[in-house]
Amino acid sequence: MLVADSRWEKLEDDAKSLQEIEAALKADGLALDELPWVLQYNKRDLPDVAPANYIDFLLNNRPNPARVFETVATSGENLPELRKAIVERVLARFAESYGEKLVAPESVAEVERTA
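Residues numbered from 1 in each chain as written. Predicted model: local features only at pLDDT ≥ 70, side-chain atom pairs only at ≥ 80, totals over all residues. Heavy atoms only, no water.

### What about the pattern of salt bridges?
Point 1. Evaluation of the coordinates by the stated rule reveals 7 salt bridges.
Point 2. Asp5 is the salt-bridge partner of Arg7, the closest N and O atoms lying 2.6 Å from each other. The exposure classification of Arg7 matches that of Asp5, with both residues buried.
Point 3. Residue Asp33 is joined to Arg62 by a salt bridge in which the shortest nitrogen-to-oxygen separation is 2.7 Å. A residue pair is termed long-range when its members are at least 10 positions apart, and Asp33 in the loop between α1 (11–27) and β2 (38–42) and Arg62 in the loop between α2 (52–59) and β3 (67–70) qualify at 29 residues.
Point 4. A relative accessible area of 30% means that Asp33 is categorised as partly exposed.
Point 5. Because the salt bridges share partners, they merge into one network encompassing Asp5, Arg7, Glu9 and Lys43. (Salt bridge = Lys/Arg side-chain N within 4 Å of Asp/Glu carboxyl O. Buried < 20%, exposed > 50% of the residue type's maximum accessible area, 1.4 Å probe, protein only. Helix = DSSP H or I, 4+ residues; strand = E, 2+ residues; numbered from the N terminus.)

As structure tokens, this is what we get:
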């Protein structure tokens, strides 16, 4: 997840942070687009913020765009939805990788009752 500060004067820092994340992942043999990630455009309540579609162009202009959440951290606006999306993406990635090997909790309980 990248938390971007939506203010105009912070957009360059946001882009640099994303570049640094991608460079660190590349050094570890990973690519951001292969990971479950989301973008949080924070401070949307302030008067000097860039439009979300402009931030999208700078940070999310990629073949597989991340899901975006416009948030206000001080009030908690959209944070529950953001957390839910992160969990869903991580679980979906986990299921992709290990799905055949997973056993649903209901199945484990059933096996334990019959044993």
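Okay, back to it.
### As for the sheet that holds β3
Point 1. Spatial ordering of the open sheet is given by β1-β2-β3, a layout of 3 strands whose pairing is parallel. One side of each edge strand has no neighbouring strand; the edge strands of this open sheet are β1 (2–5) and β3. Between one strand and the next, the sheet's axes are offset by a mean angle of 25°, whatever the strand orientation.
Point 2. In this sheet, β2 lies alongside β1 in parallel orientation, the contact comprising 4 bridges. Within the sheet, the bridge partner assigned to Val3 lies in β2 and is Gln40.
Point 3. Packing against the sheet, helix α3 (residues 79–98) makes contact with β2 and β3, and its axis sits at approximately 160° to β3. (Pairing = 2+ DSSP bridges. Axes fitted to C-alpha atoms, helices over the stretch in contact; angles between N-to-C directions. Contact = heavy atoms within 4.5 Å.)

### Section: the layout of surface pockets
Point 1. A volume near 170 Å³ is recorded for the largest pocket.
Point 2. In terms of residue class, the lining of the largest pocket is made up of 7 nonpolar, 1 polar and 5 charged. (1 Å grid on protein atoms, 1.4 Å probe; cavity = no way out; pocket = protein on both sides within 12 Å on 5 of 7 lines; lining within 4 Å. Points joined across faces, edges and corners; volume = space filled by probe spheres on them. Nonpolar A, V, L, I, M, F, W, Y, C, P; charged D, E, K, R; others polar.)

### A look at the pairing of β3
Point 1. Sheet analysis places β2 next to β3, joined by 4 bridges and oriented parallel. Bridged to Val38 within β3 is Arg67.
Point 2. The parallel pair β2 and β3 is bridged by α2, and the resulting crossover is right-handed. (Right-handed = clockwise from strand over helix to strand, strands pointing away.)

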